[in-house]
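Working through the structure, step by step
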Amino acid sequence: MAFLTILQDELELKHVELIGPITIGRLPALCDLVSRDLKVSRRHCRIEPAPDGWLLTDLQSSNGTWVNGKARQQSRLRDGDEVQIGDTVLRFRDSAMIRRRPADPTHVLALQLARAGQSGGDGDDFGELAPRPIPRAWDRLNDSGDSAGLSDTRG
């Protein structure tokens, strides 16, 4: 999934998912993404899927289309590119290129350690570093017979 983030003074104002070709400009009747920026042409540029990613094309705009500070008539967009049209900045993101943080890093570590142990014979033995469950405070209290005001209400 690819998307554009509309920036103003380095603040993210809006995210727009790119699911197909999109025309950007000032005229609502002709554009999918409309800007009120007077330096943006009525039909300023177009972003469309291409075999190798996403392609940006300037539509003969008055003030040009800039990608990462360079004027471009046409440009293949890469993850993190900043497109400037008038005073408007759009950051292109392609989630196929974004590495997502795992929801549970200990799970990923356990998988990596298991794979390292299965690779066998390379001299690196990470088995002793495998994560162990952390005992919960209430389990220790219940095991010791301490009545510190915690009770199990499940049953």
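Here, residues in each chain are numbered from 1, in the same order as that chain's written sequence. For this predicted model, a pLDDT threshold of at least 70 governs which residues receive local features, and a threshold of 80 or more governs which side-chain atom pairs are given and counted, while totals over whole chains, interfaces and linings are taken from all residues. Only hydrogens and water are set aside; all other atoms, that is, all heavy atoms of the structure, feed into the side-chain values.

**Some remarks on the overall build of the protein chain**
Applicable threshold: Only DSSP runs of H or I reaching four residues or more are called helices, and only runs of E reaching two or more are called strands; each is numbered from the N terminus. For every residue, the accessible area (1.4 Å probe, protein chains only) is compared with the maximum for its type, and the residue is labelled buried under 20%, exposed over 50%, or partly exposed between those bounds. Note on definitions: a residue-residue contact is assigned when non-hydrogen atoms from the two residues lie within 4.5 Å. Computed with the Shrake-Rupley method and a 1.4 Å probe, the accessible areas treat only the protein chains shown as cover for residues.
Across its full length, the protein chain holds two helices and 11 strands. Along the protein chain, from the amino end to the carboxyl end, the secondary structure elements read β-β-β-β-β-β-β-β-β-β-β-α-α. Relative to its full complement of 155 residues, the protein chain shows a buried share of 29%. Counting only contacts in the protein chain whose residues sit at least 6 apart along the sequence, the fraction spanning at least 24 positions is 30%. With the model as given, the accessible surface of the protein chain reaches about 11300 Å², and the carbon-plus-sulfur share is 50%.

**Here we look at the pattern of salt bridges**
Using the following cut-off: For this document, the term salt bridge refers to a Lys or Arg side-chain nitrogen within 4 Å of an Asp or Glu carboxyl oxygen.
Taken as a whole and assessed by the stated rule, the structure comprises six salt bridges. In this structure, the salt-bridge partner of R76 is D52, at a minimum N-O distance of 3.4 Å. Here D52 lies in the loop between β5 (45-50) and β6 (53-58) and R76 lies in strand β9 (residues 74-77), a separation of 24 residues in the sequence. With a relative accessible area of 31%, R76 lands in the partly exposed category. Residue classification places D52 among the partly exposed positions, given a relative accessible area of 47%. In this structure, the salt-bridge partner of R91 is E82, at a minimum N-O distance of 2.8 Å. Given the relative accessible area of 27%, E82 is considered partly exposed.

**Quick word on the state of the cysteines**
Just so we agree on the cut-off: Cysteine sulfur atoms that pair up within 2.5 Å are treated as a disulfide.
By the definition in use, this model includes zero disulfides. With no disulfide of its own, C31 lies closest to C45 among cysteine sulfurs, the gap being 8.8 Å. C31 sits in the buried class, given a relative accessible area of 8%.

**What to know about the confidence of the model for the protein chain**
Cut-off, in case you're wondering: Confidence scores labelled pLDDT are given residue by residue by the predictor and lie between 0 and 100.
Of the residues in the protein chain, 61% have a pLDDT of 70 or more, and the chain-wide mean is 77. Across the protein chain, the secondary-structure element scoring lowest on mean pLDDT is helix α2 (residues 137-144), at 51, and the one scoring highest is strand β7 (residues 65-67), at 97. In the model, residues 123-127 has pLDDT below 50 throughout and makes two contacts with residues more than four positions away in sequence or in other chains. Under a pLDDT of 50 for its full length, residues 145-155 has, in the predicted model, four contacts with residues more than four places off or in other chains.

**Considerations on the sheet that holds β6**
Just so we agree on the cut-off: Strand pairing is assigned whenever DSSP detects at least two bridges linking the two strands.
Judged by pairing direction, the sheet is mixed, and its five strands sit side by side in the order β4-β3-β5-β6-β9 without closing on themselves. Among the strands making up the open sheet, the edge pair consists of β4 (33-34) and β9. Here strand β3 (residues 22-25) runs beside β4; their pairing, made up of two bridges, is parallel. Within β4, the residue paired with G25 across the bridge is V34.

**Some points on the nonpolar core**
Convention followed: Nonpolar core, defined: a set of buried Ala, Val, Leu, Ile, Met, Phe, Trp, Tyr and Cys residues in which side-chain atoms within 4.5 Å join the residues together.
Judged by nonpolar contacts, the single largest core of 19 residues is most densely connected at L4, L18, I24, I47 and L77. With three residues, strand β1 (residues 2-8) is the largest single contributor of residues to this core. Setting aside chain neighbours within four positions, we find I47 in contact with L4, L18, G20, P21, I22, I24, W54, L55, L56 and L77.

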